[in-house]
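If you want the building blocks of each chain, they are given just below.
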Amino acid sequence: MDEKTKTKQLKEQLFMPAKKGIATISAEEIKKADEFCEGYKTFLDNSAVEREAVRYSLFLAKENGFEEFDPDKKYNPGDRVYCINREKAIALAVIGKNGTKNGTRLSIAHIDSPRVDLKPNPLYEDNSLALFKTHYYGGIKKYQWTVMPLALHGTVVKLDGTKVDISLGADEEEPCFCITDLLPHLAQEQVQEKMAKAIKGENLNVLVGSRPLDTDDEESELVKLNVMKILNDKYGITENDFLSAELCFVPAQKCRDVGFDRGLIGGYGHDDKVCAYPALIAAIDSDVPDCTCITYLTDKEEVGSDGNTGMQSDFLRYFIYDLAKLDGEEGYRVLSKSKCLSADVNAAFDPTYASAYEAKNSSYINNGVIISKYTGHGGKYDTSDASAEYMGEIRSMLENNGIMWQVGELGKVDGGGGGTIAKYVANMNVDVVDLGVPVLSMHAPFELISKVDVYEAYRAFYAFFNKL
Ligand code: MN
Ligand code: MN
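Fair warning: this is a prediction, and the values are worked out from it, not measured in the lab. (Residues numbered from 1 in each chain as written. Chains lettered and ligands numbered in written order. Predicted model: local features only at pLDDT ≥ 70, side-chain atom pairs only at ≥ 80, totals over all residues. Heavy atoms only, no water.)

## Some remarks on the sheet that holds strand E12 (residues 256–258)
In sheet architecture, strand pairing relies on hydrogen bonds along the backbone and comes in two forms, parallel and antiparallel.
Move 1: If you trace the 3 strands from one edge of the open sheet to the other, you get E12-E13-E23, paired in antiparallel fashion. The outermost strands of the open sheet, each flanked by one partner alone, are E12 and strand E23 (447–450). Strand-to-strand twist across the sheet, computed as the mean angle between neighbouring axes with direction ignored, equals 35 degrees.
Move 2: As judged from the 4 bridges shared by strand E13 (residues 264–267) and E23, these two strands associate in the antiparallel manner. Bridge pairing in E23 links Gly266 to Leu448. (Pairing = 2+ DSSP bridges. Helix = DSSP H or I, 4+ residues; strand = E, 2+ residues; numbered from the N terminus. Axes fitted to C-alpha atoms, helices over the stretch in contact; angles between N-to-C directions.)

Take a look at the structure:
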């Protein structure tokens, strides 16, 4: 054996292996990923807002034997229960052989995505056009949301307490809505503005009508009146009902395969439905795990996880306490022994914007799930930094189950930053680390993910529930 080969051997022994990636996966596995993603595409198209995501998740859960959780009932290993929080978050549990005695296994993803919410008093008429005033939700680059078809989604509660669910614009037969932008001919001043200022928050007004009510009466605001009449005919609502509503605009288009090879899916809301769906299916596919496993799909992550449907709410804690009580365990002890995958996306390396990333510590499309030891910003502020021990445990679990994985940070140091629900889970004294799918163009109306990465995420959550 010559010296060079020895050195090479030493390198192979001591250095990190070269990235494996999709090239090492069999055609059969890729086919499985493609098939899995057909289900994901349907989920995504049915989950424009968190209430719709809960409804569709519940439909899948009930089809697969999950029943509403009753804290006064006795459960056996393999039993499957769900618990819904205010129609906007859902927890699904599969009771383990050991119940909660050795802690639970938690996979937590969020089902809210950046969007354009209606203001409480949205409708007005200006120069014979009817518009809605909006207040954007989550981190968006405002210019991306202009001049594209938008759909209206949400729920209105009327004075008598009845609820109306609205979903209008996703179907090509239905009308859609739009935020206008200035034509280039007259945009000489606008295009000189900084990108953050070119489209102002107060200019995200959505065009919703243009024809006046058909009447001979000489009245003002007839276009607005006509819109209100259409809304009243269709949904039975009046202008006052906007006060007790949660309505928003999201991109109208359905998700699509992207690229000649159809390897990617483009769509709205991959962050974080692309982790929610695999975590949901992993729970559904679990038979009788050792520890009770829980998939929790939460709300409000995009605005800081505040509120009673966000991860900072005690909802999940109470659910776990209830499960613990059934086993005669103390809730806080169960939490202390629990382990969690914070199932959220991270930024995939984008060669067009390479300078925003640090190539050695970025995640790449088609390289499997990304583990982020920490997120946050600046000098690791606002994050839970997973311990070496827990990283070791998760790493072994992924390796032992042949799951394609990578590690990465969210862009280069001091380039910006972001957070996930991980730190709120960690605060409950639970071991937690972020594991999810890399995304290109995150938070844009049309985000991109790889089908293979979605499937690896499913395999990771399944292994976490059943093999750890
Ligand atoms: Mn997210
Ligand atoms: Mn996000």
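## Side note on the coordination of the manganese ion (ligand 1)
Move 1: Surrounding the manganese ion (ligand 1) are the protein donor atoms His110 (NE2), Asp271 (OD), Asp344 (OD) and Asp344 (OD), which sit 2.1 to 2.6 Å from the metal.
Move 2: Donor residues binding the manganese ion (ligand 1) come from one chain and are separated in sequence as H-x160-D-x72-D.
Move 3: The metal-metal distance between the manganese ion (ligand 1) and the manganese ion (ligand 2) is 3.4 Å, with Asp271 coordinating both. In this pair, His110 sits in strand E4 (residues 105–110) while Asp271 sits in helix H6 (residues 270–285), placing the two residues 161 residues apart along the sequence. No difference in accessibility class separates His110 from Asp271, as the two residues are buried. (Donors = N, O, S within 2.8 Å, 3.2 Å for Na, K, Ca; no water. Buried < 20%, exposed > 50% of the residue type's maximum accessible area, 1.4 Å probe, protein only.)

## Here we look at the sheet that holds strand E9 (residues 178–179)
Move 1: Strand order in the open sheet made by the 7 strands is E8-E7-E11-E5-E6-E10-E9, with antiparallel pairing throughout. Only two strands of the sheet have a single partner each, and these edge strands are strand E8 (163–168) and E9.
Move 2: Across 2 bridges, strand E5 (residues 115–126) lies against strand E11 (residues 245–251) in antiparallel orientation. Along E11, the bridge assignment pairs Val116 with Phe249.
Move 3: Running over the sheet, helix H3 (residues 50–63) touches E5, strand E7 (150–157), E8 and E11 and is turned about 95 degrees from E8.
Move 4: Sheet strands in contact with helix H5 (residues 222–235) are E5, strand E6 (129–137), E8 and strand E10 (206–209), and its direction is about 130 degrees off that of E5. (Contact = heavy atoms within 4.5 Å.)

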